[in-house]
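Descriptive analysis of the structure
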Amino acid sequence: MSDRASILNRIQNALRTPAARPPEPSPKPVFPPIAPTDLVAHLERELLALKADFHFSSNWNDARQWLKQIADQHELRRVVTSPEMDAVEAGRSLGARTLTGDGDCGRHLADLDLGITTCDCAVARTGSVVLTPQSGFGRALSVLPPAHLVVARKSQVVTDLSDAYKLLQARHGRNWPSMITFITGPSRTADIEKILVLGAHGPKKLFVLLLDF
Amino acid sequence: MSHASQFEHDSILKTVNLRHRAILQKATGTYDTKVAETKAKFINWNHGREIARQRKWEAINRLDFYLQEFERSTSARGTIVHWAADAARANEIILRLCKARGVRKLVKSKSMVTEEIHLNEFLEEHAITPVETDLGEYIVQLRHETPYHIVTPVMHLTKEDIDLTFHEKLGTPTGSTAEGLAMTARRVLRNEYLTADMGITGANFIVADTGMISITENEGNARLCSSIPRIHVAICGIEKVLPRLDDLALFLPMLAVSGTGQQLTCYNTMIGGPRQAGETDGPEEFHVILLDNGRTNLLADAEQREALHCIRCGACLNGCPIFKNVGGHAYGTTYQGPIGAVITPHLKGLGEWKHLSFASSLCGNCTDVCPVHIDLHHHLLQNRRNAVSAGYSSWIERLNFRMWNSLMQNESAYRVAVVLSRIAQKISRAIGLEGSPIDPVQPWTDKRTLPAIADKTFRDWWDDHKLKMKNEE
């Protein structure tokens, strides 16, 4: 018998004896509500608590100023961007090279200062940005370079993780991408004496630029 | 030495080691503070636990259905699903794959299942180099140790210990800060991701409906292991199943809060296939190995089946007074603490591993802190009961309990025993016998001081008291 058949067989035999079902929980909410008008402020608070950088812009001029400022401050010289419109526009002021996706992703992104992507949505509750290989332009761009800039639109901010999953289901449900990642702050570790260190293996810096225009 | 004697030996050594205790207290203290802070962000943490319990019940009690649903939906995207009945089969599948694809070096992210099947030793025997990339696991690998804790592998080490390890193994100068040490690991491991032929990860959850695995981490090493090498292999216990993708909306925060006191860990990544058409990078092959290795034994025990609901957050370890004294290594198991004590007898044999269930104060804190509300302390009791009824107790223990049993059922015998004990204790104390090597109850009195047996039993006092009250009337 194959391992598959023998495991399934053992499971079915085991389950012949039923286990007591736990009581049905009431449909009360688990998390407190967030007012729709407070979404962006909540997202910002969470991101800052996670030691990410956040900027809210209502026009490109303002966004470009902020981008120049962070580029100077963190010496972001070798910059690449995904070819999505908002990312390219943000990359323009940083002299970013636009990726083509034709053999220039994956391990080829090792020697850079900053990668720029868009996202599928942002979750206010947890301060997360949600990326797929479409919005993140593959898997490596948002994790291999030492800094990551996400350009998002205000309309992409949702309240909870479950809202993010609903949105992903609606957008990708018929043809799921090979990966979905919820990024919540810059890479971190507290393995040594529970002391927080940023930039364990992924980006040390996470910048979120939220556009509202 | 038997596992039980080894456990006793190691626990005594750790319990008297005050430096070890101080390190552990600091770590669990920091953890407790953070958990309390993040739990406060829920309006109803307990309610979340009950929902999580219900979801896991649903998954485990229809495990065959959900595993096949997972297999069907993930295979449609090109994932290759393997089934492994035991550790040997899982190792063999990986080795075969390595040989067929010419893999000489692979990078690994943190996975307790690979510890369970001793994958690293197995690969090294076959001239394949596994490189651990999680910082804690990397340190463990450099020191040739086993992980001390399922979530915090080097909880037992100080910064100075790790500094010295890096100095000895990597030749770095001593005197680094925690950040310096982490940056050294980052620099060394960066090159490993780029040159490895395969990435191996575990899985925190298997999502049945959409055919994905979900990996929870903070460092980004699991993302790199599953992004850069041309082959990605995920190995997961069959109990990791959740019915629906949306279930993660509850389980990801529950795991983060209980695991590390975070609202959500830094990276939560769902992977459902190799690089798809139109995607710019990612592995060419994605394999999932579904491992049984004794889990169906536990499934067959309807009374303890819910122990398979465990999401390996480590909360019961951090909250356990036994763990806080004996530490993680004394258990001698892959899974430490209360959950380890409950499941190890099912995975590796009750006769050899029953002692862990007896090493408990049954305070119930493990049950209270469990995010999926597993009734852990009652399962410890059930293991004890099962061990006794299977005949795994010593004749002297059986004799003692038989005597105790008859004594407790016979009032006059009990009264005589109390009087005799009182006299015996007085004599024993007067001549200095208590706790000495020739004391008949030395294994007990050796480390504990019994309170003096009262001169009057409660019943005698009550009778006298009643009489006195009556006389006063």
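Above this note sits the structure.
Residues numbered from 1 in each chain as written. Chains lettered and ligands numbered in written order. Predicted model: local features only at pLDDT ≥ 70, side-chain atom pairs only at ≥ 80, totals over all residues. Heavy atoms only, no water.

Observations regarding the overall build of chain B
Rules: Helix and strand assignments follow DSSP, with helices taken as H or I runs no shorter than four residues and strands as E runs no shorter than two, numbered in order from the N terminus. Each residue is placed in one exposure class: buried if its accessible area under a 1.4 Å probe, protein chains only, is under 20% of its type's maximum, exposed if it is over 50%, and partly exposed if it falls in between. Whether two residues touch is decided by their heavy atoms; if any such pair falls within 4.5 Å, the residues are in contact. In these tables, accessible area is a Shrake-Rupley quantity obtained with a 1.4 Å probe, and a residue counts as shielded only by the protein chains included in the view. A positive count includes Lys and Arg, and a negative count includes Asp and Glu. His and the chain ends are not counted in either. One atom stands in for each charge, and that atom is NZ of Lys, CZ of Arg, CG of Asp or CD of Glu.
Assigned secondary structure in chain B consists of 24 helices and 10 strands. Based on the C-alpha atoms only, the size of chain B along its principal axes is roughly 95 × 55 × 45 Å. Burial statistics for chain B: of 473 residues in total, 57% are counted as buried. For chain B, the proportion of contacts with a sequence separation of at least 24, taken over those separated by at least 6, is 74%. Accessible surface, chain B: about 19,900 Å² in total, of which carbon and sulfur atoms supply 56%. Across chain B, the centroid of the 54 positively charged side chains sits 2 Å from that of the 55 negatively charged ones.

So, the interface of chain A and chain B
Interfaces are often sized by the amount of accessible area the parts lose when they come together. The condition that has to hold: Two parts placed together each lose some accessible area; with a 1.4 Å probe, that loss summed over both constitutes the buried area. When a carboxyl oxygen of Asp or Glu is within 4 Å of a side-chain nitrogen of Lys or Arg, the pair counts as a salt bridge. Here a polar contact means two N or O atoms within 3.5 Å. Within protein one must be a hydrogen donor candidate and the other an acceptor candidate, and residues neighboring in sequence count only if both atoms are side-chain atoms.
With 75 residues of chain A in contact, the opposing surface of chain B contributes 101 residues. When the two sides are added together, the surface that chain A and chain B hide from each other amounts to roughly 7,500 Å², 59% of it contributed by carbon and sulfur. Area buried by chain A at its contact with chain B is led by Arg139, Lys194 and His201 of chain A, which between them contribute 11% of it. Put simply, chain A and chain B have six salt bridges between them. Close ionic contact of Lys26 of chain B with Glu193 of chain A constitutes a salt bridge, the shortest N to O distance being 3.3 Å. Where chain A meets chain B, there are 50 residue pairs in polar contact (both at pLDDT 80 or more). Counting only elements with at least two residues in the side of chain A that touches chain B, the list comes to helix 1 (3-14), helix 5 (161-172), strand 9 (179-183), strand 10 (188-189) and strand 11 (197-198) of chain A.

Focus: the environment of Ala164 of chain A
All names here are of chain A. As for its placement among the helices and strands, Ala164 is situated in helix 5. Classification of Ala164 as buried rests on a relative accessible area of 0%. Taking the C-alpha atoms as reference points, Ala164 and Phe182, separated by 18 residues in sequence, lie 9.6 Å from one another. If sequence neighbours within four positions are ignored, Ala164 has contacts with Cys121, Val123, Val130, Val158 and Phe182.

So, the pairing of strand 10 (residues 285-291) of chain B
Successive residues of a regular strand alternate their side chains across the two faces of the sheet. Residues and elements named next belong to chain B. Our working rule: Between any two strands, pairing holds if DSSP finds at least two bridges.
Among the seven residues in strand 10, seven count as buried, and that is most of the element. By the alternation rule, side chains of strand 10 split into Glu285, His287, Ile289 and Leu291 and Phe286, Val288 and Leu290, which are all buried. The pairing of strand 1 (residues 80-84) with strand 10 spans five bridges and is parallel. Residue Val81 lies in a different strand from strand 10, and its bridge partner there is Val288. Judged from the seven bridges that link them, strand 7 (residues 231-237) and strand 10 form a sheet pairing that is parallel. Each bridged residue has a counterpart across the sheet, and for Ala234 the counterpart in strand 10 is Val288.

A few points about the sheet that holds strand 10 of chain B
Counted only if it meets this: Every axis in this analysis is a line fitted to C-alpha atoms, fitted for helices over the stretch in contact. Angles between the N-to-C directions lie between 0 and 180 degrees.
Taken in spatial order, the six strands make up an open sheet running 1-10-7-4-2-3 (chain B), and their pairing is parallel. Each having just a single partner strand, strand 1 and strand 3 (129-132) of chain B make up the two edges of the open sheet. Strand-to-strand twist in this sheet, taken as the mean axis angle between neighbours without regard to direction, amounts to 25 degrees. Helix-sheet contacts for helix 1 of chain A involve strand 1 and strand 10 of chain B, and the interaxial angle to strand 1 of chain B is about 65 degrees. Across the sheet, helix 5 (residues 87-101) of chain B touches strand 1, strand 2 (105-108), strand 4 (198-201), strand 7 and strand 10 of chain B, and the angle it forms with strand 10 of chain B is around 165 degrees.

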